[in-house]
Amino acid sequence: QVQLVESGGGLVQAGGSLRLSCAASQRTLSRYYMGWFRRAPGKEREFVATISSSGSITYYTDSVKGRFTISRDNAKNTVYLQMNSLKPEDTAVYYCAAAASLYGGYGYSYSYNYWGQGTQVTVSS
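Just so you know, these numbers come straight off a predicted model, no measurement behind them.

Undergrad: Would you mind showing me how to read the packing of aromatic side chains here?
TA: In total, this model carries eight aromatic pairs according to the counting rule given. Centre to centre, the rings of Tyr 32 and Tyr 114 are 6.1 Å apart; their planes meet at 80°, and the pair counts as edge-to-face. Remark: Tyr 114 occurs in strand 10 (residues 114-115) and Tyr 32 occurs in the loop between strand 3 (18-24) and strand 4 (33-39); sequence separation between them is 82 residues. Considered together, Tyr 32 and Tyr 114 belong to a single accessibility category, that of buried residues. Ring centres of Tyr 59 and Tyr 106 lie 4.2 Å apart, and the angle between their planes is 5°; on these two criteria the pair is classed as stacked. Here Tyr 59, found in strand 6 (residues 58-60), pairs with Tyr 106, found in the loop between strand 9 (92-99) and strand 10; they are 47 residues apart in sequence, far enough to count as distant. A relative accessible area of 33% places Tyr 106 in the partly exposed class. Over the face of the ring belonging to Tyr 95 we find Arg 45, whose NZ or CZ atom lies 5.8 Å from the ring centre. The ring of Trp 115 carries Arg 45 above its face, with NZ or CZ at 3.9 Å from the centroid.

The rules behind the values
- Residues numbered from 1 in each chain as written.
- Predicted model: local features only at pLDDT ≥ 70, side-chain atom pairs only at ≥ 80, totals over all residues.
- Heavy atoms only, no water.
- Phe/Tyr/Trp six-rings, centres within 6.5 Å; stacked < 30°, edge-to-face > 60°.
- Helix = DSSP H or I, 4+ residues; strand = E, 2+ residues; numbered from the N terminus.
- Buried < 20%, exposed > 50% of the residue type's maximum accessible area, 1.4 Å probe, protein only.
- Lys NZ or Arg CZ within 6 Å of the ring centre and 35° of its normal.

So, in structure tokens, the structure goes:
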């Protein structure tokens, strides 16, 4: 069982930055692909970014490319999401997730085995 805890959310003005962190309880986090998803008010949860177990491969949804960066520090059992040039449409609850494999596709919630409780990001205009 992997427990994930997100932090770093908050209120920021448009154009600002935030860095989300996702700390894992298990020291074998390096075995997992890690992803970030978000759920905006009234919308379904959507894929944001994912990173391979080694950190060498990343994927992003088109709307955040060039603004968000996913990274990981396996020695600290932590995954990060650096969010720059934030827009009001980035307002959502952000969740981190861990996947033992991504055979089902990196952009789908069902591919991920473990989830955090989420952290709120609010971007004001």
